[in-house]
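# Descriptive structure summary
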Amino acid sequence: MGTRQKLCKSVLIDLSGTIHIGNEITPSAVEALNRLRQSNVKIKFVTNTTKESRRCLYERLCKLGFQLKIEEIWSSLWAAKNAVSSQSLKPFLLISPDALEDFQGLDKFEGEPNAVVVGLAPELFEYKTLSEAFRLLLNGAKLIAIHEARYFKGDDGKLALGPGPFVKGLEYAADCKAQVLGKPCPEFFCTGLEGVDPSEAIMIGDDVRDDIKGAQDLGMRGYLVKTGKYRNGDENKIDPPPYHTVDNFAAAVDDILRQLSL
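In this text the structure is predicted, and so the values were computed from the model without any measurement. (Residues numbered from 1 in each chain as written. Predicted model: local features only at pLDDT ≥ 70, side-chain atom pairs only at ≥ 80, totals over all residues. Heavy atoms only, no water.)

### A closer look at the packing of aromatic side chains
In this structure the tally under the stated criterion is 3 aromatic pairs. On the basis of an interplanar angle of 20° and a centroid distance of 5.4 Å, the ring pair of Trp74 and Phe188 is categorised as stacked. Taken as a pair, Trp74 in strand β5 (residues 73-75) and Phe188 in helix α7 (residues 186-193) lie far apart in primary sequence, 114 residues in all. You'll find Trp74 and Phe188 in the same group, each marked buried. Judged by centre distance (5.7 Å) and plane angle (65°), the ring pair of Tyr223 and Tyr243 falls under edge-to-face. (Phe/Tyr/Trp six-rings, centres within 6.5 Å; stacked < 30°, edge-to-face > 60°. Helix = DSSP H or I, 4+ residues; strand = E, 2+ residues; numbered from the N terminus. Buried < 20%, exposed > 50% of the residue type's maximum accessible area, 1.4 Å probe, protein only.)

### Considering the nonpolar core
Ranked by size, the top nonpolar core spans 30 residues in total, and within it Val11, Ile13, Ile19, Phe45, Phe66, Ile204 and Phe249 carry the most contacts. If you list the elements that add at least two residues to this core, you get β1 (10-13), α2 (29-37), β4 (42-47), α3 (54-63), β12 (201-205), β13 (221-225) and α9 (249-260). Broken down by element, this core gets its largest block of residues, 6 residues, from α9. Once residues lying within four places of it in the same chain are set aside, the contact partners of Phe66 are Ile19, Ile25, Ala29, Val30, Leu33 and Leu61. Judged by nonpolar contacts, the second largest core, of 27 residues, contains Leu89, Leu106, Phe189 and Met220. (Core = buried A, V, L, I, M, F, W, Y, C linked by side-chain atoms within 4.5 Å. Contact = heavy atoms within 4.5 Å.)

### Regarding the confidence of the model for the protein
Of the residues in the protein, 97% have a pLDDT of 70 or more, and the chain-wide mean is 93. Predicted confidence is poor over residues 1-5, with pLDDT under 50, and the contacts of this stretch with residues over four places away or in other chains come to 2 contacts. (pLDDT = per-residue confidence, 0-100.)

### Points about the pattern of salt bridges
Tallied over the full model, the rule gives 17 salt bridges. For Arg35, the salt bridge identified is with Asp254, shortest N-O distance 2.9 Å. Of the two residues, Arg35 sits in helix α2 while Asp254 sits in helix α9, which places them 219 residues apart along the sequence. Given the relative accessible area of 32%, Arg35 is considered partly exposed. Residue classification places Asp254 among the partly exposed residues on the basis of a relative accessible area of 41%. In this structure, Asp255 and Arg258 form a salt bridge, with 3.0 Å as the shortest nitrogen-oxygen distance. Taken as a pair, Asp255 and Arg258 lie in helix α9 at a separation of 3 residues, close to a single helical turn. Three or more residues are tied together by salt bridges with common partners; here these are Glu148, Lys168, Glu171 and Lys177. (Salt bridge = Lys/Arg side-chain N within 4 Å of Asp/Glu carboxyl O.)

### Some details on the packing of helix α5 (residues 127-138) against helix α6 (residues 164-174)
The geometry of α5 relative to α6 is characterised by a closest axis approach of 10 Å and an angle of 45° between their N-to-C directions. Our classification of the angle between α5 and α6 gives oblique. Of the two possible hands of crossing, α5 and α6 adopt the one that is right-handed. Contacts from Leu130, Ala133, Phe134, Leu137 and Leu138 in α5 reach Phe166, Leu170, Ala173 and Ala174 in α6. (Axes fitted to C-alpha atoms, helices over the stretch in contact; angles between N-to-C directions. Parallel < 35°, antiparallel > 145°, perpendicular 65-115°, else oblique. Left-handed = near helix turned anticlockwise from the far one by under 90°.)

### A short note on the side chain of Lys183
Here Lys183 lies in the loop between β11 (179-180) and α7. Polar side-chain contacts of Lys183 include one of 2.7 Å to the side chain of Asp211. Every residue in contact with Lys183, bar those within four places of it in the chain, is listed here: Asp14, Val46, Thr47, Asn48, His147, Phe188, Phe189, Met203, Asp210 and Asp211. (Polar contact = N/O pair within 3.5 Å; in protein donor to acceptor, adjacent residues only side chain to side chain.)

### A look at the pairing of β4
A large share of β4 lies buried, amounting to 5 of its 6 residues. Sheet topology note: the β1/β4 ladder contains 4 bridges and is parallel. Bridge pairing links Ile13 to Phe45 in β4. The pairing of β4 with β5 spans 3 bridges and is classified as parallel. Of the residues in β5, the one forming a bridge with Val46 is Trp74. Following the backbone out of β4, through α3 and into the adjacent parallel β5, one traces a crossover that is right-handed. (Pairing = 2+ DSSP bridges. Right-handed = clockwise from strand over helix to strand, strands pointing away.)

This is the structure:
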């Protein structure tokens, strides 16, 4: 029993691209999650998804058949909410309308916004709005990036620009540096670990940099899945390479359970 606990006490699981893509479940993901739960390891869903609130995300996952609790979801949106609240900032939000729910009550401060918060907001990434954000930054506003993903796999199955390129553009134009909150930041992973030592934890995800390198830099073991944004050869883009590269989430669970049974 002690050996199994030392091997793996916690599994952090990415959502979009790993267990689902839009409203499509990756192969056998629902059944795999159920089997993983039976092993009694701690499970936390750590996601950079910013296009919808945690409640909306939870309800969508439940409709897809996943069994989870809303408090098991640790999102970069909530990390941003906590950062804005703890620093008493008035945010100028470049986020999707479906994500605004997670920022309710944070517009109570008077005066001009003193923070620009950037998530995934394709409808707002246009010249007029970005120029307004730029002017706020020039006037001293803080730049907060919910995450800096370069691209993601959309519901249509095509790769699309993430918020990262727009964060970098604002940094360049305003000559400032963003506070980044989501994966691959160590603090984000540590919150998801909830006290578990990184050496006793595993991360499963489809982003070789944000999911796998970020986790492994902290001392976790990373399982890179070949679904979602994965592209052929991604496993060769980081050093050290992923602990394991597998076809999908279900294959990662199979390997974890095999190791737990040794």
